[in-house]
Amino acid sequence: MIRFTAIMQKKYFIRFLPCFLISGIITLISCNKKDFSPDETLNQVQKQLKLMQIEASAQQAIPRSVDSNGNTRWISKGLDWTEGFWPGICWLMYQVSSEENWKESAIEFQRMFADHCFDKSTHDLGFIFNNTFGKAYRITGEEMYKEVLIEATNSLVSRFNSKVGCIKSWDWGEDRWQYPVIIDNMMNLEMLFEATLVTGDTNYRDIAIRHANTTLTNHFRDDYSTFHVVDYDTLTGKAIRKLTHQGFSDSSAWARGQAWGVYGYIMCYRYTRDTTYLKAAEQMARYNMNKLPPELVFNWDHNAPSSLQTYRDASATAIFASALLELAEHTGKEEYYSTAKKILIRLSSHRYMAHPGENNFFVLKHSVGSYPENHEMDVPLIYADYYFVEALLRLRNFEQNENFD
Ligand code: GLY
């Protein structure tokens, strides 16, 4: 019996040795978090982004990802929901370094899609314009940026249905839904709040609040995980279907959607000081912290079966870290700060963060665009880099007790 137990222990030990080693290494890294410097990491990130800056200028195109042949995917003509992230990164790097050439690049690249502010066919205008022309106006105070921001906001508002109480997300997929609203849409509300601040017109803010309230009622499950898509009946205004487009199943928790939710509600709290949003964001954050694997980088869907769990999503993880830092700022709770920091340390390791010159000049490796469509699987994504840089900047400002945003 003793021998059997010893053999079992040995077998068990050998079988789980890699797990022990990995969690030991992660613990060591985590213990080392006092030595982690967001400034130093931002310096490393800047080296890589300068190479991307040279390449993007040579191509006169905005980077999005890497294709299955290992070539950079540049954004081609037509609106792409990710087109704002590269110039947005340039603005962030300008904030980090005060180097004029980051500002010049931001202006050069955001000019490429300025006319999309008139496009009323998508909800993604907030992602695109608030992170670019919005930042440009907030940083420089130049009126022309404000004009583009307000034009884009008006286009976004044209998609609001007062019966439903939400902005419509997509104009495609009529065979699957009538009036789809996705959790990602929470991110577009920031532009509405900003539009009220710069114009004094409270209609933008009122629409943002209606959308946030309707979404809070219909998108969340009892455990504060979120559905990806909620479909509404435009005659009754009622939610009629809850499903997924990018997650594992209708009832699963697609990781990036969860991160958009936390980020979206703590952002709404920033503009409204409505504690309903703060409490909701805290509940969502708790749900997601419980889903963080020992690896500290989310699987692409929290409920995907283990055979599909091999894909990590650095994008969801970076968005979540950035949102946690905003939660830490508003609540003063150490747990949000230390969890975000642990995540950022992990993302900064070479397993996830490329050395300068690698990874087609993107910063982070290992994200997933849309698993069900077999699209952008285990690749760098420009928005992963955007939220990673934002989170590092937030961490730096938080630790230096400076203005958070
Ligand atoms: N809004 C698109 C995405 O998160 O993939």
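These remarks concern the structure in this document. (Residues numbered from 1 in each chain as written. Predicted model: local features only at pLDDT ≥ 70, side-chain atom pairs only at ≥ 80, totals over all residues. Heavy atoms only, no water.)

1. A few points about the overall build of the protein chain
The helix and strand inventory of the protein chain stands at 13 helices and seven strands. Relative to its length of 405 residues, the protein chain is compact, with a C-alpha radius of gyration of 21 Å against a globular reference of 22 Å. Each principal axis of the C-alpha distribution contributes one length, and for the protein chain these read about 75 × 50 × 45 Å. A buried classification covers 59% of the 405 residues belonging to the protein chain. Contacts in the protein chain between residues at least 24 apart in sequence constitute 66% of all its contacts with a sequence separation of at least 6. Just so you have it, the protein chain exposes about 17,000 Å², and 50% of that area is on carbon and sulfur atoms. Where the 42 positive side-chain charges of the protein chain centre and where its 49 negative ones centre are 8 Å apart. (Helix = DSSP H or I, 4+ residues; strand = E, 2+ residues; numbered from the N terminus. Rg over C-alpha atoms; globule rule 2.2 N^0.38 Å. Buried < 20%, exposed > 50% of the residue type's maximum accessible area, 1.4 Å probe, protein only. Contact = heavy atoms within 4.5 Å. Areas by Shrake-Rupley, 256 points an atom, 1.4 Å probe, with all protein chains shown as cover. Lys, Arg positive; Asp, Glu negative; His and termini not counted. Charge placed at Lys NZ, Arg CZ, Asp CG, Glu CD.)

2. Some points on the packing of aromatic side chains
On inspection of all chains with the given rule, the structure shows 29 aromatic pairs. Taking the centre distance of 5.1 Å and the plane angle of 65° together, the rings of Trp81 and Phe127 count as edge-to-face. Of this pair, Trp81 sits in the loop between β2 (72-74) and α3 (85-97) while Phe127 sits in helix α5 (residues 125-140), and the two are 46 residues apart along the sequence. A network of ring pairs unites the aromatic residues Trp81, Phe85, Phe127, Trp260, Tyr263, Tyr383, Tyr386 and Tyr387 as a single cluster. The residue whose ring lies beneath Arg221 is Phe227, and the NZ or CZ to ring-centre distance is 4.0 Å. Directly above the ring of Tyr352 sits Arg351, whose terminal nitrogen or CZ lies 5.1 Å from the centroid. (Phe/Tyr/Trp six-rings, centres within 6.5 Å; stacked < 30°, edge-to-face > 60°. Lys NZ or Arg CZ within 6 Å of the ring centre and 35° of its normal.)

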